[in-house]
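# Understanding the architecture of this molecule
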Amino acid sequence: DAKTTQPTSMDCAEGRAANLPCNHSTISGNEYVYWYRQIHSQGPQYIIHGLKNNETNEMASLIITEDRKSSTLILPHATLRDTAVYYCIVRAPWDSNYQLIWGAGTKLIIKP
Amino acid sequence: NAGVMQNPRHLVRRRGQEARLRCSPMKGHSHVYWYRQLPEEGLKFMVYLQKENIIDESGMPKERFSAEFPKEGPSILRIQQVVRGDSAAYFCASSTRDSSNTEAFFGQGTRLTVV
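Just so we're clear, the structure is a prediction, and the values are computed from it rather than from any experiment.

## A word on the environment of K107(A)
Residues and elements named next belong to chain A. Note on placement: K107 falls in strand β9 (residues 106-111). The exposure class assigned to K107 is partly exposed, which follows from its relative accessible area of 42%. Sequence-wise, K107 and M10 are 97 residues apart; in three dimensions their C-alpha atoms are separated by 6.2 Å. If near-sequence neighbours (up to four positions away) are discounted, K107 is found in contact with T8, S9, M10, A84 and V85.

## Remarks on the pairing of strand β3 (residues 19-24) of chain B
Residue and element names in this part refer to chain B. Only one face of β3 is covered, namely the one carrying A19, L21 and C23; the face carrying R20, R22 and S24 has none of its residues buried. Examined bridge by bridge, strand β1 (residues 5-7) and β3 share three bridges and lie antiparallel to one another. Within β3, the residue paired with Q6 across the bridge is C23. Of the strand pairs in this sheet, β3 and strand β8 (residues 75-79) are connected by five bridges, and their pairing is antiparallel. When the sheet's bridge partners are listed, R20 is paired in β8 with R78.

## Some remarks on the environment of Y87(A)
Examined against the element boundaries, Y87(A) turns out to sit in strand β8 (residues 84-91). Between the C-alpha atom of Y87(A) and that of G103(A), which follows or precedes it by 16 residues, the distance is 7.0 Å. If we skip the residues at most four places from it in the chain, Y87(A) touches Q6(A), Y34(A), W35(A), Y36(A), Q38(A), W102(A), G103(A), A104(A), G105(A), Q37(B), E41(B) and G42(B).

## Some remarks on the layout of surface pockets
Any empty space left between atoms is shown by rolling a water-sized probe over those atoms. Roughly 640 Å³ of volume is contained in the largest pocket. Around the largest pocket, the lining comprises 25 residues; the ones closest to its centre are H40(A), V85(A), Q37(B), P39(B) and E40(B). Mapped onto the lining of the largest pocket, the elements with two or more residues apiece are β8 of chain A together with β9 (88-95) and β11 (110-114) of chain B. Along the lines of polarity and charge, the residues of the lining of the largest pocket split into eleven nonpolar, ten polar and four charged. Space inside the second largest pocket adds up to approximately 210 Å³.

## Describing the interface of chain A and chain B
Contacts between the two partners involve 19 residues from chain A and, on the opposite side, 24 residues from chain B. For the pairing of chain A and chain B, the buried interface totals around 1700 Å² over both sides, and the portion due to carbon and sulfur atoms is 47%. Applying the counting criterion to the chain A and chain B interface returns zero salt bridges. Connecting chain A to chain B are six residue pairs in polar contact (both at pLDDT 80 or more). Counting residues per element, the ones that place at least two in the side of chain A that touches chain B are β3 (32-38) and β8 of chain A. Across the side of chain A that touches chain B, the residue classes tally to ten nonpolar, seven polar and two charged.

## Things to note about the packing of aromatic side chains
The full count for this structure, using the stated rule, is ten aromatic pairs over all chains. Taking the centre distance of 6.0 Å and the plane angle of 75 degrees together, the rings of Y36(A) and Y46(A) count as edge-to-face. Of this pair, Y36(A) sits in strand β3 while Y46(A) is found in strand β4 (residues 45-50), placing the two residues ten residues apart along the sequence. Look at Y36(A) and you get buried, because its relative accessible area is 1%. Using a relative accessible area of 26% as the deciding quantity, one classes Y46(A) as partly exposed. Following the ring pairs from residue to residue traces out a cluster consisting of Y32(A), Y34(A), Y36(A), Y46(A), Y87(A), W102(A), Y35(B), F45(B) and F106(B).

## Digging into the state of the cysteines
Applying the stated criterion across every chain yields a total of two disulfides over all chains. Here C12(A) stays unpaired: no disulfide links it, and the sulfur of C22(A), its closest cysteine neighbor, is 18 Å away.

Reading the values: the criteria
Residues numbered from 1 in each chain as written. Chains lettered and ligands numbered in written order. Predicted model: local features only at pLDDT ≥ 70, side-chain atom pairs only at ≥ 80, totals over all residues. Heavy atoms only, no water. Helix = DSSP H or I, 4+ residues; strand = E, 2+ residues; numbered from the N terminus. Buried < 20%, exposed > 50% of the residue type's maximum accessible area, 1.4 Å probe, protein only. Contact = heavy atoms within 4.5 Å. Pairing = 2+ DSSP bridges. 1 Å grid on protein atoms, 1.4 Å probe; cavity = no way out; pocket = protein on both sides within 12 Å on 5 of 7 lines; lining within 4 Å. Points joined across faces, edges and corners; volume = space filled by probe spheres on them. Nonpolar A, V, L, I, M, F, W, Y, C, P; charged D, E, K, R; others polar. Buried area = accessible area lost by both parts, 1.4 Å probe. Salt bridge = Lys/Arg side-chain N within 4 Å of Asp/Glu carboxyl O. Polar contact = N/O pair within 3.5 Å; in protein donor to acceptor, adjacent residues only side chain to side chain. Phe/Tyr/Trp six-rings, centres within 6.5 Å; stacked < 30°, edge-to-face > 60°. Disulfide = S-S within 2.5 Å.

Any link to function would need more than the numbers given here.
Structure follows, in structure tokens:
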């Protein structure tokens, strides 16, 4: 079973910020929060990860609550090409790449 | 630097035939992972290989499925005597080493349809 819960689907208007929530209430102190996305008919793509501090890169920002029980992935200016399934995964430092547990993710639809 | 290459992208097989899925990892990557994805579901781990070694195959069905990653050439996922339930997208990922500080890069997947 996935260690995270995400909404099944979300809509966002093109050009607006897309905020994707993720609950990980059982996260342990040394587990990271990772986000991937999967555009239709493609393989998953890494977006960002963080431990407890907020993180930002060229793709997105990751906001992790102080208690670390939830996080939000922010796509600041969503485009139609951001339509994809977004996966939130918690991962311990010693977890192998293959030990990641993938839930069903959030299907984000960007509307023109 | 080419990414992870999988071929074919689409494969149609009749029940009882064999399916061979190929994965060429990124240059310099010696760790390969295979996953299966059913519609509307997340990825499910199948097998983790290094060159000439199967490290973990705990996600592989016990029968009909096998995987290899030879010293030379691509990794192969082989499904014998395919059944309709094998229809899925199969993804391969590769990495330089297996740790949380390295990312696994995914291929575009092979969509297997069993008719």
